Amino acid sequence: MSKPVPRPGILDIASYVPGKEHAPGVARVYKLSSNETPLGASPKAIEAVKAAADNLGRYPDGQAVELREAIAAVHGLNPANILCGNGSDELLGLLCHVYLGAGDEGIITEHGFLVYKIQIMGTGAVPVIVKEKDYTVDVDAILAAVTERTKIVFIANPGNPTGTYVPVSEIRRLQAGLPKHVVLVLDAAYAEYVRRNDYEAGIEVVSSSSNVVMTRTFSKAYGLAALRVGWMYAPVEIVDAVNRVRAPFNLNAAAIAAGAAAIRDQAFVQQAVSFNQMWVETLTEALEAIGLKVTPSVANFVLIHFPDIDGKRAADADELLTSRGYILRAVRSYGFSNALRMSIGPEEANRGVIATLREFMGRQA
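Residues numbered from 1 in each chain as written. Predicted model: local features only at pLDDT ≥ 70, side-chain atom pairs only at ≥ 80, totals over all residues. Heavy atoms only, no water.

The protein has the name Histidinol-phosphate aminotransferase in an unreviewed UniProt entry, where Rhizobium aethiopicum is given as its organism. Looking at the protein in UniProt, the text filed under Sequence similarities (unreviewed entry) is "Belongs to the class-II pyridoxal-phosphate-dependent aminotransferase family. Histidinol-phosphate aminotransferase subfamily." Per UniProt, the comment on the protein under Subunit (unreviewed entry) is "Homodimer." (UniProt positions renumbered as here; feature names shortened; annotations may be inferred.)

Below is the structure:
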């Protein structure tokens, strides 16, 4: 060989493509493609970042003790069961690294977060994709797909890009039906936004199981996407195993300080959640009133489906919206060729999208 060659399977992986950010030639751009909170971060988190700048010459705490203890205090957990990561994406990858190898299988659902498939394939394992039902995780389909090679199951709950969720009773049924050596990963990135009595992010299930992991992020409701802060709650044996392959200083000092300050400022988080809930309802009603289908969402975004009519498809709407400075997320790679995902943005952006799509749907095809 005349040059280095990646091991088999690596070049078969489709790279993750983030939501677009730019609309050339547009003076004011609203990025509604990455599920970021329009309220930004807590002022207390911002102050913590500024304070961290006084010690840039020192390594951060490799155990992220301040952050783990803050998370534990807010959620009533044991810090020994908490592991923090450079975004929850890092933790998802580490779980695959620890529990998967060549020839193993990892189960994901057809509209699940693309990072799961990437990380599974990165270990040499095989992603097994199961169908969803009404854009929602189907527990029976997952259980039917389990084989002797299955080592891990990933579920986004709520789902992305669908915004649907699985009740905790179904999560418990899934855990009970899985072989005890299979790791069930509950990715609860949008848990803070959910206001349903039958939903539980995963803390209860993890606490009563030996093979369940819950992952969470500070990138959404907490507004710390730029710092990449995530955490997982898991049995101590799983935490210990992942800790052994984790980078020694995987969280920087600013991320640790900001995360600890952010999670303690629950009043600010509730403001973000209330704003989001109001606009999810408002957008859904307004978009349905102009003839578009919207998948019911419990997260901080809505999945908008367009008519299969020339001039009225998602790509046409995306072109018009972008020209006006409203950047939504095309979701073809998630199995939705004629839909756009819209993150809840500031009021002027939300109203602008409604007005633009009202005009779009009123146009002659």
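Asker: Is there a simple way to explain the overall build of the protein in this structure?
Answerer: Per the secondary structure count, the protein includes 12 helices and 13 strands. A compact globule built from 365 residues should have a C-alpha radius of gyration of about 21 Å, and the protein, at 21 Å, falls within 12% of that. Each principal axis of the C-alpha atoms in the protein carries an extent, and together these give about 60 × 55 × 50 Å. A separation threshold of at least 6 residues defines the contact pool for the protein, and within that pool the share at least 24 residues apart is 74%. Put simply, the protein shows about 16100 Å² of open surface, and 52% of that area lies on carbon and sulfur atoms. The positive charge centre, built from 35 side chains, and the negative charge centre, built from 38, are 3 Å apart in the protein. (Helix = DSSP H or I, 4+ residues; strand = E, 2+ residues; numbered from the N terminus. Rg over C-alpha atoms; globule rule 2.2 N^0.38 Å. Contact = heavy atoms within 4.5 Å. Areas by Shrake-Rupley, 256 points an atom, 1.4 Å probe, with all protein chains shown as cover. Lys, Arg positive; Asp, Glu negative; His and termini not counted. Charge placed at Lys NZ, Arg CZ, Asp CG, Glu CD.)

Asker: I'm lost on the packing of aromatic side chains in this one. Help?
Answerer: The geometry of an aromatic ring pair comes down to the distance between the two centres and the angle between the two planes. Tallied over the entire structure, the rule returns nine aromatic pairs. Where tyrosine 116 meets phenylalanine 154, the ring centres are 4.9 Å apart and the plane angle is 5°; that geometry is what we call stacked. Of this pair, tyrosine 116 sits in helix 4 (residues 114-122) while phenylalanine 154 sits in strand 5 (residues 150-156), and the two are 38 residues apart along the sequence. Assessed through its relative accessible area of 2%, tyrosine 116 is described here as buried. Phenylalanine 154 gets classed as buried once you look at its relative accessible area, which sits at 1%. Judged by centre distance (4.8 Å) and plane angle (45°), the rings of phenylalanine 218 and tyrosine 222 are tilted. Ring pairs connect the aromatic residues Phe113, Tyr116 and Phe154, which therefore count as one cluster. (Phe/Tyr/Trp six-rings, centres within 6.5 Å; stacked < 30°, edge-to-face > 60°. Buried < 20%, exposed > 50% of the residue type's maximum accessible area, 1.4 Å probe, protein only.)

Asker: Any chance you could explain helix 1 (residues 43-52) here in plain terms?
Answerer: Structural remark: α-helix, 3.6 residues per turn; residues separated by three or four positions point the same way. Listing the buried residues of helix 1 in full gives Ala45, Ala48 and Ala52. Viewed end-on, helix 1 has its buried residues packed into an arc of 55°, placing them on one side of the element. Two to three positions downstream of the cap, the backbone nitrogen of lysine 44 sits 3.0 Å from a side-chain oxygen, assigning the N-cap of helix 1 to serine 42. (Arc of directions from axis to C-beta. Polar contact = N/O pair within 3.5 Å; in protein donor to acceptor, adjacent residues only side chain to side chain.)

Asker: What is the right way to read empty space enclosed by the protein from this model?
Answerer: Any empty space left between atoms is shown by rolling a water-sized probe over those atoms. For the structure shown, the criterion picks out three cavities of 30 Å³ or more. By volume, the largest cavity amounts to about 80 Å³. As for the largest cavity, its lining consists of 15 residues, of which Glu132, Val137, Ala156, Gly159 and Thr162 are closest to the centre. Within the lining of the largest cavity, the residues separate by chemical class into five nonpolar, nine polar and one charged. Empty space within the second largest cavity amounts to approximately 40 Å³. Lining the second largest cavity, in full, are Glu36, Thr37, Pro38, Tyr193, Ala272, Phe275, Asn276, Asn300 and Ile344. Class assignment of the residues belonging to the lining of the second largest cavity gives a composition of five nonpolar, three polar and one charged. (1 Å grid on protein atoms, 1.4 Å probe; cavity = no way out; pocket = protein on both sides within 12 Å on 5 of 7 lines; lining within 4 Å. Points joined across faces, edges and corners; volume = space filled by probe spheres on them. Nonpolar A, V, L, I, M, F, W, Y, C, P; charged D, E, K, R; others polar.)

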